[in-house]
Amino acid sequence: MVNKNNLQRLIKNGKWTGKSLGIAMILNIAEFMKGNPEILSTEQVNEAMNKLERKDGLVYNKYVDLYNVLTDLYNFCNTTSLDAISNYQILRTYISGIMQAKITSQVIETKPVEISERQYSTYKTKLKKYIKDDSAGIASLKTCLAEIVFQASIDSDVAKPILEKYKHETVSDKYLKELNDNIKSQWGTEPENPEQYYAMPEMFTGYYALPDGTTSKDISEDDFKARVHAEKLKLVGLKFSYSFNDKNSKMRKASPEQTFKEWQKSKNDAGIKLAYENEIPLTDALGLLEKEHPLYKLEDPFKWVDGTTDPITKNTTKYEVLHTYLSDLESIIDGEDNISEYEDIADFISDEYSELIDAVLADLKKNDKVRVLLDDAPDDIFEWFSSNGAFAKAGMSYYQDIVAPSNNYDLSDVMPESIRHTAKNYGYLIKPNSKNSDITTTFQQHNIGNNHRRLLNQLLNSISLQGVANDQETLDHINSSYESVRQGINYMRAFEAFIDGLIEYTNKKELADLKNFAPFHRLHGAIQDFNEFVYLEYHELATPSLNYDNPITKKQKEQCARDAKTFKKIFKPVAVDNLDVPEEAQKTVRALIASFFDLGNDTKITASKVLQDIAGGL
């Protein structure tokens, strides 16, 4: 039996057989593949070979043939692997060109809208009326006197001492039940998420609890988020591990943060692949992934604990309650129909905050115009409404700003719907009615740009997705590149199957190091990279570009679906992992290896025959 442990003993005692010397030569190749020095020098091999008996010499010669075949296999596979990687780059270039053509075409399509001088004049007239009508509409909106009072109290000098006093006065007992019922009816007992809880903690009496016993009552929102993230790192670390080679080629276990990022990447990559395979949106694919694969399901590491008390208690101050409801009061607009939603609040506010209301109203009425406006107002500030325009005319600066025409109007506001979004985002160009027009030069310059666009469109059409799909010569080139990549993979599989057969025949597990072939590792990594690229670019094509100014239309969605389907017909991922060797191919391997060591067989077996015979059955 030959292995690295007893090799020195064989060298010393010189008791070599043809088989032991032959296997030592093959192990030399395995050590070379790992970057180690050879375990048997050429001089030692020659010395041992000269001492072999005739029969052992014949056996040794078979191993010499095997050694030569393995060397040829390495050289041949290195060439085919490099060729496959080169063709992988060609395929990637085609895809990159298609995606770039799409982006460039979108840019070209976003040229300004062309309108005539007559249209320009018409739109200017329409815009003046539009601004006038829109401003009148804003001025006519009704505002409740309650909102006026509390808006004014924010900056009112007379309100400040009263608000300060409310910080030390508690709510009357008779309103506690109504207030608590109102809060629970609006907000429920549990927030939608921690962000809502921290934004309005006074609305909820419960709290979030973390596994270590920390609650959201004890820490700030930033600290809570940091602790939640730390808990997620722990949860991911329990089911996902990640290691990497450092600069000294030592395997290192990644930090929890690195592991979490790799888990997120792994999940996203798997989701994109699933979206490609099932032709579904990425969000749906990620949801399906979480449902079917526990590895990618991550529960929130906190739970909600309901409180035992009401949000508002005997110790709640009037100031705290007022602060809670101010945002509600701002919603009481557009007429008296809305007031029914705030009846409980209205009774409470009018009673508990009468001092503040009276003081602010008296201060507002010092302005004669406001006093005249409010002369007919009833005592209940929740029952009286007036327009923004009326308050603006009375000299209230807040409402003057609201009704004042803004600078946000644009000619595109009055253009037809068919061109409005393009004009708003990319501008408009006025086509002159005559050569004497002031805008002639600008338009001519734009026309020169149009000529360039036409030439560029012709070029882009040749490399666009549809251009590639309609060009049989290009499709043939793509298929040829795919065939080269698949051949490289099949030769890699054939080579590894041959080594597995040698291990089985010789019972030498050390020969597994022969599969540690750098070109194969590069090819394997390149194919994995290509597959991820295919999934990602498919997702890009299948997903309409989101533009908040231009809503995604049904037509755009249908075009994206067609593009994605066309892309999928042309570009497919290449299978490279978990590929079994069929039984027929395994039989071929056994037969080839048996013929190698058949002393009665003088037929030379070449590396080309090994690869072609095995690969043909894959």
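Structure report, in brief. (Residues numbered from 1 in each chain as written. Predicted model: local features only at pLDDT ≥ 70, side-chain atom pairs only at ≥ 80, totals over all residues. Heavy atoms only, no water.)

### Details of the pairing of strand β1 (residues 113-116)
Okay, step 1: The side-chain alternation of β1 yields one buried face, formed by Val-113 and Ile-115, and one unburied face, formed by Glu-114 and Ser-116.
Okay, step 2: Bridging between β1 and strand β8 (residues 428-431) involves four bridges; their strand directions are parallel. Along β8, the bridge assignment pairs Glu-114 with Leu-429. (Buried < 20%, exposed > 50% of the residue type's maximum accessible area, 1.4 Å probe, protein only. Helix = DSSP H or I, 4+ residues; strand = E, 2+ residues; numbered from the N terminus. Pairing = 2+ DSSP bridges.)

### Quick word on the environment of Leu-52
Okay, step 1: Locating Leu-52 in the fold gives a position in the loop between α3 (42-50) and α4 (54-109).
Okay, step 2: Residue classification places Leu-52 among the buried residues on the basis of a relative accessible area of 14%.
Okay, step 3: Sequence-wise, Leu-52 and Trp-16 are 36 residues apart; in three dimensions their C-alpha atoms are separated by 7.1 Å.
Okay, step 4: Not counting the four nearest positions on each side in its chain, Leu-52 is found in contact with Trp-16, Thr-17, Gly-18, Leu-21, Gly-57 and Tyr-60. (Contact = heavy atoms within 4.5 Å.)

### What about the packing of helix α11 (residues 256-278) against helix α23 (residues 518-542)?
To characterise two packed helices, one gives the angle between the axes of the helices and the distance between these axes.
Okay, step 1: At their nearest, the axes of α11 and α23 sit 9 Å apart, and the two run at 65° to each other. With respect to α23, the element α11 is oriented roughly perpendicular. In the packing of α11 onto α23, the handedness of the crossing is left-handed. Facing α11, whose interface residues are Lys-265, Asp-269, Ile-272, Lys-273, Ala-275 and Tyr-276, α23 presents Glu-532, Val-534, Tyr-535, Leu-536 and Tyr-538.
Okay, step 2: Counted by class, the contact of α11 with α23 contains seven nonpolar, no polar and four charged residues. (Axes fitted to C-alpha atoms, helices over the stretch in contact; angles between N-to-C directions. Parallel < 35°, antiparallel > 145°, perpendicular 65-115°, else oblique. Left-handed = near helix turned anticlockwise from the far one by under 90°. Nonpolar A, V, L, I, M, F, W, Y, C, P; charged D, E, K, R; others polar.)

### Digging into the side chain of Asn-28
Okay, step 1: Position of Asn-28 among the secondary structure elements: in helix α2 (residues 18-33).
Okay, step 2: Residues contacting Asn-28, with those up to four places away along its chain left out, are Glu-38, Ile-39 and Leu-40.

### What about the packing of helix α25 (residues 583-596) against helix α26 (residues 607-615)?
Okay, step 1: At a minimum axis separation of 8 Å, α25 and α26 run at an interaxial angle of 155°. Viewed along their axes, α25 and α26 adopt a mutual orientation that is roughly antiparallel. In this structure, α25 uses Ala-585, Thr-588, Val-589, Leu-592 and Phe-596 to contact α26, whose residues at the interface are Lys-609, Val-610, Asp-613 and Ile-614.
Okay, step 2: The residue makeup of the contact of α25 with α26, split by class, is six nonpolar, one polar and two charged.

### Looking at the nonpolar core
Most often, soluble globular proteins have nonpolar side chains that are buried together.
Okay, step 1: Ranked by internal contacts, the top residues of the largest apolar core, which has 70 residues, are Leu-66, Leu-70, Leu-73, Phe-498, Leu-502 and Leu-514.
Okay, step 2: Residues Phe-150, Leu-163, Ile-345 and Ala-346 belong to the second largest nonpolar core, which totals 42 residues. (Core = buried A, V, L, I, M, F, W, Y, C linked by side-chain atoms within 4.5 Å.)

### Description of the pattern of salt bridges
Okay, step 1: In this structure the tally under the stated criterion is 24 salt bridges.
Okay, step 2: Note that Asp-500 and Lys-515 form a salt bridge whose closest N and O atoms lie 2.8 Å from each other. A residue pair is termed long-range when its members are at least 10 positions apart, and Asp-500 in helix α22 (residues 472-506) and Lys-515 in the loop between α22 and α23 qualify at 15 residues.
Okay, step 3: Overlapping salt bridges, with partners in common, bring together Lys-265, Asp-269 and Glu-532 in one network. (Salt bridge = Lys/Arg side-chain N within 4 Å of Asp/Glu carboxyl O.)

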